[in-house]
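Summary of structural features
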Amino acid sequence: MAQEEPQNGEVKLIERPIDGGKKHPLENAWTFWFDNPSGKSKSAAWGSSLRSVYTFKTVEDFWCLYNNVFLPSKLPSGADFHCFKSGIEPKWEDLICAHGGKWTATNTRGGKAGLDQLWLNTLLAMIGEQFDEGDEICGAVASVRARQEKIALWTRTATNEAAQMSIGKQWKEFIDYNEKIQYMFHEDAKKDKAARNRYTL
Ligand code: MGP
């Protein structure tokens, strides 16, 4: 794209020519998943309505997707929306997730807008590779619940407390969250529905 040269005294706003046709690759490809268990019978196995919807690997494709289709505020109560690194399934059973866990932040700001904002800031931090312990990140889940909406950030090595604390601290900054967040091991959740959280920040 041709750029006009600044006239004398004008501030040069554009450093390099902008190539409007070129897409900007992300470090990782990411896949969106959707689960709407309220749409099926209570007795159906967990995950039977979980499906992958879309994979993106450029900044432009992410915004196209985010702006046009998927926002947690549009989802019915009971639904879960996931964005995970491609190749990782948003399940405890996934080999990369199996020994991991999740940080959870509840939507204390109230309203759907609060959930959408937490979700967007979480996505931007993940796909923009903002975490020092980026290899630990598996993905994030937005859960729409009548009782308590929440966002969870899944990581891979639950026992690596230092890594999880680093991620938790950074996550709170990125989503501008001042309440407590809690970390639960998937292995605990699997064994006991009322499992306790292991880390708090
Ligand atoms: P949840 O949806 O992660 O918790 O798990 P939440 O949102 O606190 O509970 P909800 O009832 O409001 O949805 C709820 C239940 O789903 C768990 O107790 C498990 O029985 C099942 N479940 C959740 N996950 C993430 C998995 C999973 O990865 N694998 C299997 N097998 N079951 C899961």
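By the naming in an unreviewed UniProt entry, the protein goes by eIF-4F 25 kDa subunit and is assigned to Picea sitchensis. As stated in UniProt under Sequence similarities (unreviewed entry), the record for the protein gives "Belongs to the eukaryotic initiation factor 4E family."

Neighbouring residues of the ligand: Trp-46, Lys-91, Trp-92, Glu-93, Lys-102, Arg-145, Arg-147, Lys-150 and Lys-193. Between a nitrogen atom of the ligand and a side-chain N or O atom of Trp-46, the distance comes to 3.3 Å. Side-chain polar atom of Lys-193 to an oxygen atom of the ligand: 3.0 Å apart, as the coordinates give it. Coverage of the ligand by the protein amounts to 65% of the 630 Å² it exposes when considered alone. Broken down by class, the residue content of the shell around the ligand amounts to two nonpolar, no polar and seven charged.

Our focus in this paragraph is helix 3 (residues 161–174). Over its 14 residues, helix 3 extends 20 Å from the first C-alpha to the last, a length consistent with the 20 Å expected when each residue adds 1.5 Å. Residues of helix 3 that are buried: Ala-163, Gln-164, Ile-167, Gly-168, Gln-170, Trp-171 and Lys-172. One or two positions beyond helix 3, positive phi appears at Asp-176, with a value near 55 degrees.

Ranked by size, the top nonpolar core spans 38 residues in total, and within it Phe-56, Trp-119, Met-126, Leu-153 and Trp-171 carry the most contacts. It is helix 2 (residues 111–127) that contributes the most residues to this core, eight residues altogether. Among all residues touching Met-126, those that are not within four sequence positions of it are Trp-30, Cys-83, Phe-131, Ile-137, Gly-139, Ala-140 and Leu-153. Counting residues in hydrophobic clusters, the runner-up holds nine residues, among them Leu-50, Cys-97, Ala-152 and Trp-154.

Here we come to the environment of Ile-167. Relative to the assigned elements, Ile-167 resides in helix 3. Linking Ile-167 and Gly-134, residues 33 residues apart in sequence, is a C-alpha distance of 8.3 Å. Excluding its chain neighbours within four sequence positions, the residues that come into contact with Ile-167 are Trp-103, Phe-131, Glu-133, Glu-136, Ile-137, Leu-153 and Thr-155.

Let's shift gears to the side chain of Asp-80. Looking at where Asp-80 falls in the secondary structure, it is placed in strand 3 (residues 80–85). At 3.2 Å, the side chain of Asp-80 forms a polar contact with the side chain of Arg-145. Residue contacts for Asp-80: discarding those within four places in its chain leaves Trp-33, Phe-34, Asp-35, Val-141, Ala-142, Ser-143 and Arg-145.

Attention now goes to the sheet that holds strand 7 (residues 182–185). Spatially, 2-1-3-5-6-4-7-8 is the arrangement adopted by the eight strands of the open sheet, whose pairing is antiparallel. One side of each edge strand has no neighbouring strand; the edge strands of this open sheet are strand 2 (51–58) and strand 8 (199–200). Bridge count for strand 1 (residues 25–35) against strand 2 is six bridges, and the pairing is antiparallel. When the sheet's bridge partners are listed, Pro-25 is paired in strand 2 with Thr-58. This element, helix 1 (residues 59–68), spans strand 1 and strand 2 of the sheet and lies at about 140 degrees to strand 2.

The rules behind the values
- Residues numbered from 1 in each chain as written.
- Predicted model: local features only at pLDDT ≥ 70, side-chain atom pairs only at ≥ 80, totals over all residues.
- Heavy atoms only, no water.
- UniProt positions renumbered as here; feature names shortened; annotations may be inferred.
- Near = heavy atom within 4 Å.
- Polar contact = N/O pair within 3.5 Å; in protein donor to acceptor, adjacent residues only side chain to side chain.
- Areas by Shrake-Rupley, 256 points an atom, 1.4 Å probe, with all protein chains shown as cover.
- Nonpolar A, V, L, I, M, F, W, Y, C, P; charged D, E, K, R; others polar.
- Helix = DSSP H or I, 4+ residues; strand = E, 2+ residues; numbered from the N terminus.
- Expected span 1.5 Å × (residues − 1).
- Buried < 20%, exposed > 50% of the residue type's maximum accessible area, 1.4 Å probe, protein only.
- Core = buried A, V, L, I, M, F, W, Y, C linked by side-chain atoms within 4.5 Å.
- Contact = heavy atoms within 4.5 Å.
- Pairing = 2+ DSSP bridges.
- Axes fitted to C-alpha atoms, helices over the stretch in contact; angles between N-to-C directions.

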